[in-house]
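# Summary of structural features
Take a look at the letters that make up each chain.
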Amino acid sequence: MDLLELAARCESASGADRELDAEIALACGWITFDLPGFGKRWQRGHGTVVRHHPDFSASLDAAMTLVPEGHDAQIFLYCGREGEGSAIVSATKAVNLPRVFAATPALALTAAALKALAQGATS
């Protein structure tokens, strides 16, 4: 799936989504394979083999791994008129990227990072 489509899904998600996280991992260079006797495993590049992909949509730490080098992320929390919380993330480099609104800070940061990656930055 396209990085911008994944970013849009993050923006419209109501909360953490493991299926979305898996699609983001695959789009960002993670691979999955079956390890005989151990089941499905994930790996990025020549990195450590792990049991699960990162929880980008649930964890700010995992989402930060997507932010391209040289970009800064600023997270602002916003409370809507009816008390519904949302997050605004702005990722910046030489120029400001569009602000991203999502239901949670992790989703907003993931969406912003994916948009930065789609514009040609590398993480």
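All of the points below concern the structure found in this document.

Rules and cut-offs
- Residues numbered from 1 in each chain as written.
- Predicted model: local features only at pLDDT ≥ 70, side-chain atom pairs only at ≥ 80, totals over all residues.
- Heavy atoms only, no water.
- Salt bridge = Lys/Arg side-chain N within 4 Å of Asp/Glu carboxyl O.
- Helix = DSSP H or I, 4+ residues; strand = E, 2+ residues; numbered from the N terminus.
- Buried < 20%, exposed > 50% of the residue type's maximum accessible area, 1.4 Å probe, protein only.
- Pairing = 2+ DSSP bridges.
- Expected span 1.5 Å × (residues − 1).
- Axes fitted to C-alpha atoms, helices over the stretch in contact; angles between N-to-C directions.
- Parallel < 35°, antiparallel > 145°, perpendicular 65-115°, else oblique.
- Left-handed = near helix turned anticlockwise from the far one by under 90°.
- Contact = heavy atoms within 4.5 Å.
- Nonpolar A, V, L, I, M, F, W, Y, C, P; charged D, E, K, R; others polar.

All chains considered together, the criterion is met by three salt bridges. A salt bridge links Arg9 to Glu23, with the nearest nitrogen and oxygen atoms 2.7 Å apart. Placement of Arg9 in helix α1 (residues 3-12) and of Glu23 in helix α2 (residues 18-27) is noted, with a sequence separation of 14 residues between them. On the basis of relative accessible area, Glu23 is assigned to the partly exposed category, the value being 22%. Across the pair Lys115 and Glu11 runs a salt bridge, and its minimum N-O distance is 3.3 Å. With Lys115 in helix α4 (residues 105-118) and Glu11 in helix α1, the pair connects residues that are 104 residues apart, well separated along the chain.

Pairing of strand β1 (residues 30-35) with strand β2 (residues 39-44), which is carried by six bridges, proceeds in the antiparallel orientation. Within β2, the residue paired with Asp34 across the bridge is Lys40. Turn length for the β1-β2 hairpin, with the two strands adjacent in sequence and antiparallel, is three residues, and the turn residue Gly37 shows positive phi of about 85 degrees.

Turning our eyes to something else, we now look at α4. Here α4 contains 14 residues, and its C-alpha end-to-end distance of 20 Å stays within 8% of the 20 Å for a straight helix at 1.5 Å per residue. For α4, a buried count of twelve out of 14 residues is recorded, marking the element as mostly surrounded by other parts of the structure. Taken together, the buried positions of α4 are occupied by Ala106, Leu107, Ala108, Leu109, Thr110, Ala111, Ala112, Ala113, Leu114, Lys115, Ala116 and Leu117. Where α4 terminates, the next one or two residues include Gly120, which has phi positive at roughly 105 degrees.

Attention now goes to the packing of α1 against α4. It is the contact of α1 with α4, at a shortest axis distance of 8 Å, that shows an interaxial angle of 165 degrees. In this view, α1 runs roughly antiparallel relative to α4, as classed from their interaxial angle. Between α1 and α4 lies a crossing whose hand is left-handed. Side by side, α1 and α4 meet where Leu3, Leu4, Leu6, Ala7, Cys10 and Glu11 of the first sit next to Leu107, Thr110, Ala111, Leu114, Lys115, Leu117 and Ala118 of the second. Looking at the contact of α1 with α4 residue by residue, the classes come out as ten nonpolar, one polar and two charged.

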